[in-house]
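For reference, the chains in residue letters:
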Amino acid sequence: MNYRTTRITTRAVTNAFSALVIAFCLTGSLSQNVHAATAQDNMPVGRKAVAISDGQYPGSYFPNTELLGPAEMRITCLGSGMPNLTRKSASLSYLVELGNGDKFLFDVGAGSMANLWSLRPDFSKIDKVFASHLHTDHVGDFMGLHIGSWLSGRYTPIHIYGPSGSTPEMGTKAFVDGMKKGYAWDIAGRSGALPDAGGEIVVHEFDYKAVNQVVYQENGVTIRSWPAIHLLDGPVSYSLEWQGLKYVFGGDTYPNKWYIKHAAGADIASHEAFLPPKALAKYFGWSLGQATFVSTRIHTEPQAFGKVMSAVKPRLAVGYHSVQSPENNAAIMDAVRKTYDGPLALARDLMVINLTKENINVRMASVDDYVLPPDVSKAYVSATRSGQKHASDYITGGKWKGYTPPPMPKK
Ligand SMILES: [Zn+2]
Ligand SMILES: [Zn+2]
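Residues numbered from 1 in each chain as written. Chains lettered and ligands numbered in written order. Predicted model: local features only at pLDDT ≥ 70, side-chain atom pairs only at ≥ 80, totals over all residues. Heavy atoms only, no water.

K.L.:
What is the right way to look at the coordination of the zinc ion (ligand 2) in this model?
P.N.:
As a benchmark, a tetrahedral metal site with four donors has ideal angles of 109.5 degrees, while an octahedral site with six donors has ideal angles of 90 or 180 degrees. Protein coordination at the zinc ion (ligand 2): the donors are Asp137 (OD), His138 (NE2), Asp252 (OD) and His321 (NE2), at 2.1 to 2.2 Å from the metal. Coordination at the zinc ion (ligand 2) is irregular: its 4 donor atoms span angles of 89 to 157° at the metal. Counting the intervening residues between successive donors of the zinc ion (ligand 2) yields the motif D-H-x113-D-x68-H. (Donors = N, O, S within 2.8 Å, 3.2 Å for Na, K, Ca; no water. Tetrahedral: all angles 85-135°; square planar, octahedral: opposite > 155°, others 65-115°.)

This is how it looks when you write it as structure tokens:
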């Protein structure tokens, strides 16, 4: 991988966290990069997206204002943090959008879907989730995504891809079956009233032990998995390849031989850069011994992340899975820089990476706290429904006679 052919820019991180995103503005000619319109998303009313010329991106990413080029990838971090959430650090999730219109979610950790909704995406295309493992900080928002996107424009089944486990009940299929049982009341109440097909969950469980196996191949996109080392058997890492571009999502893992081998040559290699032992001990109030065990035996501490990236040599290394605070980030950065001096970004929620063969651009999304969900579409009106269910006569018979609802509007 020749860094000299790559240009990386970053802007818009001007506050106390500015050390978070380190860009290497590398030499090399910038080719003409005028993007043609491709596979347009349904835009919110009043929004019009435009192509980006010559790799000159606005300093902030304003959702639904930019067209992706025909060979461009946009990777948005929807969650970068821990299972115990902070308002600025949801649990793990990445949204990958391609210039062909395809969209993929890698993990949907607790709290992360609020960031997805803040982007006001075209939910008709957000129908594929790739789960690295079944911790709540990686799949905790799955049912919220399922129900919420069913209400927000997805009227076709949602697909979840994920690993098997050492026994059937430890795998992704058992997880989804359990979620469906747990939310039986919710699903029963909405089914029939909402479009039928949007209520379906299709599980694609694959062998967690298989190495660099293809788990998805469609529309020019290939996604592969390989094992990760994290507590029990089951966790995996993924790569997504399209148009000669390669994005790697590590999930949670101790440094392992499969990642070193199969992430090599990636354009964007993301991997956990967990809180170092001292910072972790302080965060949880743990003993240094417990923190050292978790940070260096269950996860990958920042120095180890740096070693991994020095071996993988991506065009851009992305570290995640920490708690955002100035002192934690300084500790992580110091540790990474002991072992890795290549291009690096430490992920924050709503960090956006635009990737082409010529450019890597890192910036932050600018979103409102009160973004409305997308309107329902024509497909919502015309979709097949099997009919709303109702409460029993016993319950409806309890309606207070002192109130009469207003008449229904005429159609
Ligand atoms: Zn985990
Ligand atoms: Zn995790």
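K.L.:
Looking at this model, I keep getting lost on the packing of helix 7 (residues 277-284) against helix 8 (residues 288-298). Mind explaining?
P.N.:
Axis angle and axis distance: for two packed helices, these are the angle between their axes and the distance between the axes, and together they describe the pair. Relative orientation of the contacting elements helix 7 and helix 8 amounts to 120°, with a least axis distance of 8 Å. Viewed along their axes, helix 7 and helix 8 adopt a mutual orientation that is oblique. The two elements helix 7 and helix 8 meet at a crossing, and its hand is right-handed. The residues of helix 8 that touch helix 7, namely those facing Pro277, Lys278, Leu280 and Ala281, are Leu288, Ala291, Thr292, Val294, Ser295 and Thr296. Of the residues in the contact of helix 7 with helix 8, the class split is 6 nonpolar, 3 polar and 1 charged. (Axes fitted to C-alpha atoms, helices over the stretch in contact; angles between N-to-C directions. Helix = DSSP H or I, 4+ residues; strand = E, 2+ residues; numbered from the N terminus. Parallel < 35°, antiparallel > 145°, perpendicular 65-115°, else oblique. Left-handed = near helix turned anticlockwise from the far one by under 90°. Contact = heavy atoms within 4.5 Å. Nonpolar A, V, L, I, M, F, W, Y, C, P; charged D, E, K, R; others polar.)

K.L.:
What am I meant to see in the pattern of salt bridges here?
P.N.:
Applying the stated criterion across every chain, the model contains 12 salt bridges. For arginine 120, the salt bridge goes to aspartate 375, with nearest N and O atoms at 3.9 Å. In this pair, arginine 120 sits in the loop between helix 1 (113-118) and strand 8 (128-130) while aspartate 375 sits in the loop between strand 19 (359-364) and helix 11 (378-382), placing the two residues 255 residues apart along the sequence. Each of Asp41, Arg74, Glu97, Lys103 and Lys125 takes part in a single network of salt bridges with overlapping partners. (Salt bridge = Lys/Arg side-chain N within 4 Å of Asp/Glu carboxyl O.)

K.L.:
Any chance you could explain a nonpolar patch on the surface here in plain terms?
P.N.:
A cluster of nonpolar side chains, Met170, Leu231 and Leu232, forms an exposed patch at the surface whose accessible area comes to about 330 Å². Relative to the helices and strands, leucine 231 resides in the loop between strand 12 (221-227) and strand 13 (236-242). Classification of leucine 231 by relative accessible area gives exposed; the value is 56%. (Patch = residues over 30% accessible without salt bridge, like charges linked within 9 Å, V, L, I, M, F, W, Y side chains within 5 Å. Areas by Shrake-Rupley, 256 points an atom, 1.4 Å probe, with all protein chains shown as cover. Buried < 20%, exposed > 50% of the residue type's maximum accessible area, 1.4 Å probe, protein only.)

K.L.:
How do you make sense of helix 10 (residues 326-336) when you look at a structure like this?
P.N.:
Along an α-helix, residues three or four apart share an orientation, since each turn contains 3.6 residues. By the burial criterion, the buried members of helix 10 are Asn328, Asn329, Ile332, Met333, Ala335 and Val336. End-on view of helix 10: buried residues confined to an arc of 165°, all on one side of the axis. In this structure, helix 10 carries Glu327 and Asp334 as exposed residues pointing more than 90 degrees from its buried face. (Arc of directions from axis to C-beta.)

K.L.:
Would you take a moment to explain the coordination of the zinc ion (ligand 1) for this structure?
P.N.:
With distances of 2.1 to 2.3 Å, the protein atoms coordinating the zinc ion (ligand 1) are His133 (NE2), His135 (ND1), His230 (NE2) and Asp252 (OD). One can describe the donor arrangement at the zinc ion (ligand 1) as irregular, given that its 4 donor atoms subtend angles of 94 to 160° at the metal. Here the zinc ion (ligand 2) and the zinc ion (ligand 1) are spaced 3.3 Å from one another, each receiving a donor from aspartate 252. Of the two residues, histidine 133 sits in the loop between strand 8 and helix 2 (136-139) while histidine 230 sits in the loop between strand 12 and strand 13, which places them 97 residues apart along the sequence.

K.L.:
Is there a simple way to explain the nonpolar core in this structure?
P.N.:
Soluble globular proteins: nonpolar side chains tend toward being buried together. By size, the foremost hydrophobic cluster in this structure holds 65 residues, and its most contacted members are Tyr94, Phe106 and Leu145. The element best represented in this core is helix 3 (residues 142-150), accounting for 5 residues. Once residues lying within four places of it in the same chain are set aside, the contact partners of leucine 145 are Leu105, Val108, Met113, Leu116, Trp117, Phe123, Ile126, Val129, Trp150 and Ile158. In this structure, Tyr259, Leu275, Met309 and Val323 belong to the second largest nonpolar core, which totals 27 residues. (Core = buried A, V, L, I, M, F, W, Y, C linked by side-chain atoms within 4.5 Å.)

K.L.:
I keep staring at the environment of serine 164 and nothing clicks. Help me out?
P.N.:
Position of serine 164 among the secondary structure elements: in the loop between strand 9 (158-163) and helix 4 (172-182). When residues no more than four places from it in sequence are discounted, the contact partners of serine 164 are Gly171, Glu205, Phe206, Asp207, Tyr208 and Gly234. Among the polar contacts made by the side chain of serine 164, one reaches the main-chain amide nitrogen of tyrosine 208 at a distance of 3.2 Å. (Polar contact = N/O pair within 3.5 Å; in protein donor to acceptor, adjacent residues only side chain to side chain.)

K.L.:
I keep staring at the pairing of strand 5 (residues 73-79) and nothing clicks. Help me out?
P.N.:
Look at any regular strand and the pattern is simple: side chains alternate between the two faces of the sheet. Within strand 5, 7 of the 7 residues are buried, which leaves it mostly tucked inside the rest of the structure. Both strand 5 and strand 6 (residues 93-98) contribute to a ladder of 6 bridges, which runs antiparallel. Residue pairing for strand 6: arginine 74 is matched across the bridge by glutamate 97. In the sheet, strand 5 pairs with strand 18 (residues 351-355) via 4 bridges, with the strands oriented antiparallel. Across the sheet, the residue bridging to isoleucine 75 is isoleucine 353, located in strand 18. (Pairing = 2+ DSSP bridges.)

K.L.:
Help me understand the side chain of histidine 146 in this model?
P.N.:
Tracing the chain through its elements places histidine 146 in helix 3. For histidine 146, a relative accessible area of 0% translates into the label buried. Excluding residues that lie within four positions of it along the chain, histidine 146 makes contacts with Arg154, Ile158, Gly198, Gly199, Glu200 and Ile201.

K.L.:
I keep staring at the confidence of the model for the protein chain and nothing clicks. Help me out?
P.N.:
Keep in mind that low pLDDT regions are not for reading the predicted coordinates in detail. Residues of the protein chain with pLDDT of at least 70 account for 91%, and the chain-wide mean is 90. Note that pLDDT drops below 50 for residues 1-5; the model gives that stretch 14 contacts with residues more than four away or on any other chain. Low pLDDT, under 50, characterises residues 11-38; the predicted model gives this stretch 86 contacts beyond four residues in sequence or across chains. (pLDDT = per-residue confidence, 0-100.)

K.L.:
Which parts of the structure should I look at to understand empty space enclosed by the protein?
P.N.:
Unoccupied space between atoms shows up once a probe the size of one water molecule is rolled over them. By the definition in use, this model includes 2 cavities of 30 Å³ or more. Computed from the structure, the largest cavity encloses a volume of approximately 210 Å³. Among the secondary structure elements, those contributing two or more residues to the lining of the largest cavity are strand 4 (66-67) and strand 6. Among the residues making up the lining of the largest cavity, the classes are represented as 9 nonpolar, 5 polar and 7 charged. Reported here for the second largest cavity is a volume of approximately 40 Å³. Residue assignment for the lining of the second largest cavity shows that the elements contributing at least two residues are strand 16 (316-320) and helix 10. (1 Å grid on protein atoms, 1.4 Å probe; cavity = no way out; pocket = protein on both sides within 12 Å on 5 of 7 lines; lining within 4 Å. Points joined across faces, edges and corners; volume = space filled by probe spheres on them.)

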